[in-house]
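Reading the structure
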Amino acid sequence: MRRCLKIPGLTTHLNTGIFLYPAYYFVFISIIRAWGIDYTPGAVDLVISYLAFIVGSDLPDIDHKDAPMRFFAQVLLLPLIFTKILDLLVKHLFRYVAIFMPDHLAFTVLLTLAVAIAFLILKSITALMKHRGFFHSISFALIYGALLYFFGTSLLHNHLLRLLFISIGGTCGVIVHLLLDTRGKVWKMKLW
Ligand SMILES: [Zn+2]
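Note that the structure is a prediction, hence the values are computed from the model and not measured.

Quick notes on the rules
Residues numbered from 1 in each chain as written. Predicted model: local features only at pLDDT ≥ 70, side-chain atom pairs only at ≥ 80, totals over all residues. Helix = DSSP H or I, 4+ residues; strand = E, 2+ residues; numbered from the N terminus. Buried ≥ 20, exposed ≤ 12 C-beta atoms within 10 Å, placed from the backbone. Contact = placed C-beta atoms within 7 Å. Domains from an automatic or database assignment. Core = buried A, V, L, I, M, F, W, Y, C linked by C-beta atoms within 7 Å.

On to the overall build of the protein. Along its length, the protein carries 6 helices and 0 strands. The helix and strand sequence of the protein, counted from the amino end, reads α-α-α-α-α-α. Overall, the C-alpha framework of the protein stretches about 70 × 55 × 25 Å when taken along its three principal axes. Counting every position in the protein, which comprises 192 residues, the buried fraction comes to 25%. Intrachain contacts of the protein at a sequence separation of at least 6 include 77% that bridge at least 24 residues.

Have a look at this one:
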């Protein structure tokens, strides 16, 4: 009989993330205190860094076809794509479709079409992802942190320590996932 090693699932990753978040907080604050910097995260920073850490702790499984994280990501990314497609459809097709029906119905038809096209695009992109490929690598952990930093700059008024607390939290969340998947064998973690 073939031996089947069970990979950690969503709940294992999330539970580990939840309980390791305080450890991340402790290490981050200890390091900056050692540098003589005084920063205590407020409730908003705690919530955002917690979410960045927790999402990071399951995000790599976006490349697994049965992972709930892939489904959530598809659902959340859908409007980013369908709004762009809808703009194009409304610009080029609305006047033709509206000849045959009321405006709001014509808009609903185009909206349905835009959602369907966006859904197919996302499905096709995610179908090309290789499980435990790039998304399960240290490079991805760093890119995720960099994206959080980039998108957080205006939200957090360019405050360096708040941005670092949140973006490094995201990166650490992904690293926790990688460590769990490799069962703590650090040397098995992929660079890219
Ligand atoms: Zn994984």
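This paragraph deals with the domain arrangement of the protein. With domains assigned, the protein is organised as domain 1 (10-64 + 131-188) and domain 2 (69-127). The centre of domain 1, based on its C-alpha atoms, is set 33 Å off from the matching centre of domain 2.

Right, let's get into the nonpolar core. Residues Phe53, Ala141, Tyr144, Ile166, Cys172, Val174 and Ile175 are the most contacted members of the largest nonpolar core, which totals 24 residues. Where this core is concerned, the elements lending two or more residues are α1 (10-34), α2 (43-56), α5 (138-155) and α6 (160-181). Discounting residues that sit within four places of it in the chain, alanine 141 has contacts with Thr171, Val174, Ile175 and Leu178. Phe82, Leu86, Leu110 and Ala114 belong to the second largest nonpolar core, which has 5 residues in total.

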